[in-house]
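# Breakdown of the fold
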Amino acid sequence: MLVLGLLLLLLLLPGRPLVAQAGMKAVFGVIGSSVLLDPECRSDLSNSEVLWEFTASNKSPVTILDYDQSHRKVEPNEDFKSRLYFNAVDGSLMLNNLKPSDQGIYTINVNVEWIRRIDFKLIEPLSEPLINSTSVKTTIELICHVSAGKVSSVLWSKDDEVITSDQHYQLVQNNSTLIISEVKKSFCGKYICTVANAVSKKNNSYFLFIGGPAHVHHCIVALSIAALIIAVVALIAVAVLLFALIQAWHCINKASLEFVRNMRQYLQFTLKLSSVILLVAYIYWMLAEGYSGITMIMLVLLCLYLLLTVLLTIMACCRKRCKILETKSCRLIPLGEIIVICASVNLLMKVMEQAGKGCDPAANLQRTIILVVVLTVILVISFALHLACK
C-alpha cells in the first residue's frame, strides 16, 4: 500500500510529464536508394513538436530535423538537408541517396512525450544464385551460393513444391546444400533455389538429369546410323553386281570387266568409310559407358577387318593387277558389310536402351535418328547418281 501511495503521489505532483516509450523497430535499405522511416504514430502530428535525432555507431545523438508546431517550420540538419523529406501529418521521414554513414539509430520525439526508435541498417542486395552439383554413386548434392550479399534464407523447390528434409532429401548448411540420396528417375526435373535477405530476393533453376542418353549418345547414334546405311547400300550393290556377273558369266567383255573393277574400288571405299565411322562410334561408346563383352567382340572384329582390308590393298598395289577371279571370289563375299551391319545394330540397341532410363525425352533421340537417316540417304543417292552419270 505504501508503494502504491508513492506512485500516485508522483503522478499527481506537477512537473515534467512522463515520456511514453513506443519501442524500437528495424528498417533496412540499399546504398544509393531511399528509405521511409515511419514511426507509426497513428495520429495527426501537424500541431505537434517533432524532433528527429540520429545516433551513429559510438557517437553522440545529432538533431537532423526540428519541426515547430507554432511556425510549422522544418529545420533539417545540414548533412541531411538535401536528402530529407518530412511528412508533418504522420511524422515520417524519407531519406534519399543512402550512404554507409546513414546507418544508426533514428529517434523521433513528439512533444517530448512520445518516443520511437528505428534501427536502420544498410544491406547489400543479393546476386543471382549459382547452383553447382556433385555426385557420388547414388547421392547427388546441389549447392546454392551467391557471389554478392549476405543470404538470410534459402528455399528449395521442385515442380512448384517446396522441398523439406525427408527420407530422400536432406537440407544442410542453412539450407544452402540439398542432398538427394538413393536417386532414381522420379527425382529428375527442375530444381529452383530461392535466396533472400531483407532487401532482395533472387532465384535460379537447375535441371537435374538422371541417366538416359547424354549428348555423346546422340553423336554415337548419328555415326552408327551413317555406318549402317552405307553398309546396307554396299551390301545391296554387292548383291546386284554378283547377280549381273552370274547372268553374264559366258559373255564377259572388256567393258563389263572395267565396270566390275570400278565397282570393286567404290565398294572398297564405302566399306572402309563405314568401318572407320563405326569404329569411332564404338570408341565414343566405351569412353561414355565403359567396356562390355559384346562391345569388345564387335570392336575387335572391326579392327581385324580394317587391318585385313589394308593388307589386301597393299598387296594389290604391289602386284599392280586385279584379276576377275579375285573380284568374283573375294570382293563379292559380303563379309565386311555383314560385320558393319551387325555392329551398327548392336550399338544402336545399346543406345536406345539408355533412352528409357532418364529424363531426356525419347523424342530428342528420335529426331536425331530421323535427321541422320535423311542426310545419309541424300548423300548415298547423290553418290549413286554420280556413278550413273559417269
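A brief report on the enclosed structure follows.

Cut-off values and rules
Residues numbered from 1 in each chain as written. Predicted model: local features only at pLDDT ≥ 70, side-chain atom pairs only at ≥ 80, totals over all residues. Heavy atoms only, no water. Phe/Tyr/Trp six-rings, centres within 6.5 Å; stacked < 30°, edge-to-face > 60°. Helix = DSSP H or I, 4+ residues; strand = E, 2+ residues; numbered from the N terminus. Buried < 20%, exposed > 50% of the residue type's maximum accessible area, 1.4 Å probe, protein only. Pairing = 2+ DSSP bridges. Axes fitted to C-alpha atoms, helices over the stretch in contact; angles between N-to-C directions.

Looking now at the packing of aromatic side chains. What the rule picks out here adds up to six aromatic pairs. Both rings, one in tyrosine 106 and one in phenylalanine 120, keep their centres 6.2 Å apart while their planes meet at 75°; by these two values the pair is edge-to-face. Of the two residues, tyrosine 106 sits in strand E8 (residues 104–110) while phenylalanine 120 sits in strand E9 (residues 114–122), which places them 14 residues apart along the sequence. Residue tyrosine 106 shares its accessibility class with phenylalanine 120, and that shared class is buried. With 5.6 Å between their ring centres and 85° between their planes, tyrosine 169 and phenylalanine 187 make a pair best called edge-to-face. A residue pair is termed long-range when its members are at least 10 positions apart, and tyrosine 169 in strand E14 (residues 169–172) and phenylalanine 187 in the loop between strand E15 (177–180) and strand E16 (189–196) qualify at 18 residues. Exposure remark for phenylalanine 187: the relative accessible area of 6% places this residue in the buried category. Following the ring pairs from residue to residue traces out a cluster consisting of Phe54, Phe80, Tyr106 and Phe120.

With that out of the way, let us pick up the sheet that holds E15. Ordered by their spatial adjacency, four strands build an open sheet running E10-E11-E15-E14, and the pairing between neighbours is antiparallel. The open sheet has two edge strands, strand E10 (130–136) and E14, and neither has a second partner. For this sheet, the mean angle separating the axes of adjacent strands, direction not counted, is 20°. Where strand E11 (residues 139–145) meets E15, four bridges bridge the pair, whose relative direction is antiparallel.

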